[in-house]
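Given next are the chains, with one letter for each unit.
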Amino acid sequence: EDGILRVWNLFDHQENLSFDLGMPARSCAFSPDTTGRMIAVGFGKPVKDNARTINGKWIILNISDKGDFQIILERRDSRKFITEMKWHNNDRLAVGSSDKKICVYQLTTETKPATKVDVALLSMIDLVSPPMHFDFSRDGKYLRANYESHELHYFEVGPGLHIKEQSRLKDTQWETETCVFGWNVQGVWRKEDREAGTEIVSLDCSVQDCPSIVSGDSRGRLKMHQFPCTSARAQYITYPAHLGPVGKVRWISGGYVVSTGEKDNAVFCWRNDVDDGFGDPLGVAGSAADLDEGNASMSSEGIACHSALYDFVGQIIYPSSGNCVIFDKRRQMCPRHDERDVETLNASVDSEVGMSRQDSHDSFRHEASVSAICTSHSRQLIASSHDETIRLWDSQCLEVATTLSDDRQQHDVSILSFSPDDTKLVSVSSDGHNQIMCVWMTLNGEWNDANLHIQTLAGHEKVYFCHFTATNQAHLVSGGSRHVNFWSERHSTLGVSKHTYEDTLSCGVSVHNKLVTATKSGTLVVWEEKKIVKEVQAHNDGVLSLCACPEGFVSGCCKGVVILWSNTIQKVASFDVAQSSPSSFQSAICSIDITPHLNGSSTIKILVRTRSGEIFEISCVAERIHLLCKAGCEHVDMNRGVPSVSPCPVFPVIDESI
């Protein structure tokens, strides 16, 4: 009510943005569009104490890329203060006011992000009491509302008609669950509380993984019930929260709750830890130390990222000593490191000018060791990072396509992965206590319009893998220390379905309609419909890398064994890279990539990189293993007529125990 709109950072609890509204406001709501940059604000208060206060007025603010606020819409159809506001998609807004009205507006925007909004009054619903809470149905056709007089009513949004036969809507799916009176939440109203004059002021329901209701009452307490809660004898947990009535309570994606107090002017952020009986909490047992020495975060060579990848013409990209090196094995290489034959990408912010392939003698560097790197599915883009910023490179002309940065991502990136259509990029970072997941998005596909689409907390335990899926299991999947999380996107937020496993899951890959994860003990765990359907003891040591291929997928372990698997989790071929390596070779396979046949029916080459930095290429056709790069980035002479190391034959393995 101080007339200041504040936007807070959930992760460091700091105020990011503020805007002087000029008058008190008691209601606001973020738009659920792809950027979430519009905020609707309703003005007024019960007792008007300032002539500048315009009760019943509401506005829509747009947040620009620079963090500035711009008023793009103003409207007033009521004469008393606004009590509640609720969006449906990005084109409909319901505004409730204390003069016993709910106005539903149709909104139209022509640009993204919106710079102007056209508004039309769709319906004006007259009530018998001021509205306090309301929810849209998922299709936007219906609205249910709670009154100040403790009533629940249903309306048809278009014509604004009251629906007397409430049984018509018994199977309706609701977009949100914030009404304090309703069939699914009637159990939160306990007889002893009503007799003591205690009322439920606000509630919200999470129906993603462990369905729960969090409610706040007039005594400042928060209560947690299972959803739905239809019995007054249902068990619950009580938390002392605010000094005075709770103002609002809302779930935040990632298993967090935010509550506000009417009297203490406090905003609390709570973390929801779920009992094992309901699924894994985001803060699961275990730590990054669960993975053995072969999967340490940095090798003795000082390499933070041990990836090696193919680009769109088959050249090999790998990080080394602050560089992203592009190695063309087709050129004549000498045993020494020849700068004329190695092209590197500079990740410095100062270097905006790209490098042609004729200028390969230049050295373009990161300011520190590269912590994460990946290629797009088209192999046209390379994403790399050594800090909290991400740089996208055009692998053809070696120019910086764009730099992704946002104040909400303030920590070093450890994981990068593109979506199957290359329009989204997920990054994972850590602030020392929480794992933070960010989803970046481009609308035009060129990434020059990229923005931070979603940010959410991914738990307290180390995340070892995170990637997009093309299945109906989830939009994203992540895993690590004894946990797997399936993430689904809805209205620009990520909901999570959390699952536990008895061992640390070091890597994962999506194969058709399955998710395959691997453990530090060498077991492959196959998931379908978010359930474990099969477990296979694949290796005698920890599996550190998985990669999808036409046959199914490829796995690599700490002892240097690489196995090609079919879609049915049957061994197709096995390669022992450790036997074909120098005696000092540290055999842990940390990265796998493949080159498929042009018709996409089989795998032609498998590229692996080890903990100590060696890069090997396995030819599935010639049945040979070639050492391309030794530890310390010394490239091997490819002019000789024999392989650089002794060949290791490809042979089928039949294991009747699988």
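(A) Broad picture of the sheet that holds strand β35 (residues 476-480). Strand order in the open sheet formed by 4 strands is β34-β35-β36-β37, with antiparallel pairing between adjacent strands. The open sheet has two edge strands, β34 (463-468) and β37 (493-500), and neither has a second partner. Averaged over all pairs of adjacent strands, the angle between strand axes in this sheet comes to 20°, irrespective of strand direction. Sheet topology note: the β35/strand β36 (residues 483-490) ladder contains 5 bridges and is antiparallel. Its bridge partner lying in β36, Val477 is registered against Phe486.

(B) Quick peek at the side chain of Thr610. Take Thr610: it is sitting in strand β47 (residues 603-610). By relative accessible area, which is 0% here, Thr610 ends up buried. In terms of polar contacts, Thr610 uses its side chain to reach the side chain of Glu614, at 2.9 Å.

(C) Local environment of the pairing of strand β6 (residues 69-76). The sheet contact formed by strand β5 (residues 57-63) and β6 spans 7 bridges and is antiparallel. Looking at β6, one finds that Leu61 is bridged to Ile71. Counting the residues that bridge the hairpin from β5 to β6 gives 5 residues, and of these Gly67 lies at a positive phi of roughly 90°.

(D) Inspection of the pattern of salt bridges at higher detail. One pass over the structure, following the stated rule, counts 15 salt bridges. The partner of Asp135 in a salt bridge is Arg144, and the shortest N-O contact between them spans 3.2 Å. Just as Asp135 is buried, Arg144 falls in that class too. With its nearest N and O atoms 2.8 Å apart, the salt bridge here joins Arg221 to Asp217. The burial state of Arg221 is the same as that of Asp217; both residues are buried. Here the residues in one salt-bridge network are Lys86, Asp135, Arg144 and Glu177, joined through shared partners.

(E) Just the packing of aromatic side chains, in detail. If you walk through the whole model with that rule in mind, you get 9 aromatic pairs. Seen from their ring centres, Phe181 and Trp189 are 4.8 Å apart, and the 15° between their planes marks the pair as stacked. Of the two residues, Phe181 and Trp189, neither departs from the other in class, the shared state being buried. Aromatic pair Tyr239 and Trp270: ring centres 6.0 Å apart, planes at 55°, arrangement tilted. With a gap of 31 residues between them, Tyr239 in strand β18 (residues 237-240) and Trp270 in strand β21 (residues 267-271) connect regions that are remote in the sequence. On the accessibility criterion, Tyr239 (31% relative accessible area) is partly exposed. Through a chain of ring-to-ring contacts, three or more aromatic side chains come together here, namely Tyr239, Phe268 and Trp270.

(F) Structural detail: the side chain of Arg144. Structurally, Arg144 is set in strand β12 (residues 142-147). For Arg144, the side chain forms a polar contact with the main-chain oxygen of Thr176, separated by 3.4 Å. Setting aside residues up to four positions removed in sequence, Arg144 forms contacts with His133, Phe134, Asp135, Leu152, His153, Tyr154, Trp174, Thr176, Glu177 and Cys179.

(G) Molecular detail of unusual backbone geometry. Omega for the peptide link from Phe227 to Pro228 comes to -5°, which places this bond in the cis form. Summarising the element assignment, Pro228 is placed in the loop between β17 (221-226) and β18. With a phi angle near 55°, Asn265 is a residue other than glycine that sits in the positive phi range. The backbone of Asp422 sits at a positive phi, close to 65°, despite the residue not being glycine. Examined against the element boundaries, Asp422 turns out to sit in the loop between β30 (413-418) and β31 (424-430).

(H) The nonpolar core, seen in detail. One finds Ile390 and Leu425 to be the most contacted residues of the largest nonpolar core, which totals 19 residues. Those elements that provide at least two residues to this core are β26 (372-375), β27 (381-385), β28 (390-394), β30, β32 (435-441) and β33 (451-457). Leaving out residues up to four positions away in the same chain, Ile390 has contacts with Ala383, Ser384, Ser385, Thr402, Thr403, Leu404, Gln409, Val413, Leu416, Leu425, Ser427 and Trp440.

(I) A look at the sheet that holds strand β9 (residues 101-109). Strands sit in the order β7-β8-β9-β10 across an open sheet of 4 strands; the sheet is antiparallel. Lying at the two open borders of the sheet, with one neighbouring strand each, are β7 (82-88) and β10 (117-126). Geometrically, the sheet is characterised by an average inter-axis angle of 20° between neighbouring strands, direction not taken into account. Relative to β9, strand β8 (residues 92-97) runs antiparallel, the two being bridged by 6 bridges. Bridging across to β9, Val95 finds its partner in Cys103.

(J) Here's a closer look at the environment of Thr603. For Thr603, the location among the structural elements is in strand β47. The spatial distance from the C-alpha of Thr603 to the C-alpha of Val554 is 9.9 Å, given a sequence separation of 49 residues. Residues within four places of Thr603 in sequence aside, it is in contact with Cys549, Pro550, Glu551, Leu564, Ile594, Thr595, Pro596 and Cys620. Only 2.6 Å separates the side chain of Thr603 from the side chain of Glu551, close enough to count as a polar contact.

(K) Local environment of the confidence of the model for the protein. Averaged over all residues, the pLDDT of the protein is 81; the fraction at 70 or higher stands at 82%. Considering only residues more than four positions removed or in separate chains, one finds that residues 332-364, a stretch of pLDDT under 50, has 87 contacts. A low-confidence stretch, residues 638-658 stays under pLDDT 50, and its non-local contacts, those more than four residues away or across chains, total 45 contacts.

(L) Seen up close, the environment of Lys86. Inspection of the secondary structure puts Lys86 in strand β7. Separated by 48 residues in the primary sequence, Lys86 and Phe134 place their C-alpha atoms 7.5 Å from one another. Not counting the four nearest positions on each side in its chain, Lys86 is found in contact with Arg92, Leu93, Ala94, Phe134, Asp135, Phe136, Thr176 and Thr178. Of the polar contacts made by the side chain of Lys86, one reaches the side chain of Thr178; its length is 3.0 Å.

(M) Just the environment of Glu165, in detail. The residue Glu165 is located in the loop between β14 (161-163) and α1 (191-195) in this model. Separated by 11 residues in sequence, Glu165 and Tyr154 place their C-alpha atoms 8.9 Å apart.

Rules used throughout
Residues numbered from 1 in each chain as written. Predicted model: local features only at pLDDT ≥ 70, side-chain atom pairs only at ≥ 80, totals over all residues. Heavy atoms only, no water. Pairing = 2+ DSSP bridges. Helix = DSSP H or I, 4+ residues; strand = E, 2+ residues; numbered from the N terminus. Axes fitted to C-alpha atoms, helices over the stretch in contact; angles between N-to-C directions. Buried < 20%, exposed > 50% of the residue type's maximum accessible area, 1.4 Å probe, protein only. Polar contact = N/O pair within 3.5 Å; in protein donor to acceptor, adjacent residues only side chain to side chain. Salt bridge = Lys/Arg side-chain N within 4 Å of Asp/Glu carboxyl O. Phe/Tyr/Trp six-rings, centres within 6.5 Å; stacked < 30°, edge-to-face > 60°. Contact = heavy atoms within 4.5 Å. Core = buried A, V, L, I, M, F, W, Y, C linked by side-chain atoms within 4.5 Å. pLDDT = per-residue confidence, 0-100.

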